Amino acid sequence: AQSVTQLGSHVSVSEGALVLLRCNYSSSVPPYLFWYVQYPNQGLQLLLKYTSAATLVKGINGFEAEFKKSETSFHLTKPSAHMSDAAEYFCAVWGGADGLTFGKGTHLIIQP
Amino acid sequence: GAGVSQSPSNKVTEKGKDVELRCDPISGHTALYWYRQSLGQGLEFLIYFQGNSAPDKSGLPSDRFSAERTGGSVSTLTIQRTQQEDSAVYLCASSLLSGRAGEQFFGPGTRLTVL
């Protein structure tokens, strides 16, 4: 079975600072990994996905993530935080017929 | 183009009543998924439809939950004899391709409150 663990239910950074949201996965097969963002009272929006093509994946809104098999990690980063980045972020792994398996989510707070 | 739509956006019901939640996937998307988002459990997968094939119902939390998809398009999630623990946001997603290659597009969700 596949699973993901997101370290830190809340992360606070200053505007303009580096954003780092951590995700570790467990998978018995080569994983397909995703990061989704959820703004208040909205559905989930795909930020980026890893599908085994390239280990460094670039997504929307300046986010990127690096797949590291040796560390079973897929951390999300953005060089410079913007106020509009405040949201809930979910890491997910494809679980076959079980759809996506999501982490618990990380609430990103941007301090002015 | 139009995204995934869900109705109603909010539903308040009394314990013991039945509710129906509707999902309209993006036109042409063959795969449809239901998830539940609650404070205690986070995001949970409930059920997956691929075209007109019979779904695997093992992810549904109890036999009070059922889902159907008519004509390979619109889906309805029905909860019978609702309980307070059913209170959550129910999210629907669709994808053009099935399997892990298919990006899932999510609807805005239905917020269910059981009093």
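Structure's up top.
**Re the pairing of strand S3 (residues 19–26) of chain A**
In the case of a regular strand, side chains alternate between the two sheet surfaces. Residues and elements named next belong to chain A. Here S3 shows a clear split, with Val19, Leu21, Cys23 and Tyr25 buried on one side and none of Leu20, Arg22, Asn24 and Ser26 buried on the other. Where strand S1 (residues 3–7) meets S3, five bridges bridge the pair, whose relative direction is antiparallel. Within S3, the residue paired with Gln6 across the bridge is Cys23. Inspection of the sheet shows S3 paired to strand S8 (residues 73–78) by four bridges, in the antiparallel sense. Counted as the bridge partner of Leu20 is Thr77 from S8.

**Remarks on the side chain of Arg69(B)**
Residues and elements named next belong to chain B. Its location among the elements puts Arg69 in strand S6 (residues 65–69). It turns out Arg69 is buried and unbridged, and the closest side chain with the opposite charge, Asp24, is 9.6 Å from it. At a separation of 3.1 Å, a polar atom in the side chain of Arg69 contacts the main-chain carbonyl oxygen of His29. A polar side-chain atom of Arg69 sits 2.9 Å from the main-chain carbonyl oxygen of Ser73.

**Quick look at the sheet that holds strand S1 (residues 5–7) of chain B**
Residue and element names in this part refer to chain B. One open sheet accounts for four strands, arranged S1-S3-S7-S6; its pairing is antiparallel. Lying at the two open borders of the sheet, with one neighbouring strand each, are S1 and S6. Across the sheet, the axes of successive neighbouring strands diverge by a mean angle of 15 degrees, strand direction being ignored. Looking at chain direction, strand S3 (residues 19–24) and strand S7 (residues 75–79) are connected through five bridges and run antiparallel. Residue pairing in the sheet places Val19 in a bridge with Ile79 of S7.

**Brief notes about the pattern of salt bridges**
Evaluated as defined, the whole model comprises five salt bridges over all chains. Lys78(A) serves as the salt-bridge partner of Asp85(A), at 2.9 Å between the closest nitrogen and oxygen. You can call Asp85(A) buried: its relative accessible area is 2%. The residue Asp86(B) makes a salt bridge to Arg64(B) at a minimum N-O spacing of 2.8 Å. Of this pair, Asp86(B) sits in the loop between S7 and strand S8 (88–95) while Arg64(B) sits in the loop between strand S5 (42–50) and S6, placing them 22 residues apart in sequence. Each member of the pair, Asp86(B) as well as Arg64(B), is classed as buried.

The rules behind the values
- Residues numbered from 1 in each chain as written.
- Chains lettered and ligands numbered in written order.
- Predicted model: local features only at pLDDT ≥ 70, side-chain atom pairs only at ≥ 80, totals over all residues.
- Heavy atoms only, no water.
- Buried < 20%, exposed > 50% of the residue type's maximum accessible area, 1.4 Å probe, protein only.
- Helix = DSSP H or I, 4+ residues; strand = E, 2+ residues; numbered from the N terminus.
- Pairing = 2+ DSSP bridges.
- Lys, Arg positive; Asp, Glu negative; His and termini not counted.
- Salt bridge = Lys/Arg side-chain N within 4 Å of Asp/Glu carboxyl O.
- Polar contact = N/O pair within 3.5 Å; in protein donor to acceptor, adjacent residues only side chain to side chain.
- Axes fitted to C-alpha atoms, helices over the stretch in contact; angles between N-to-C directions.

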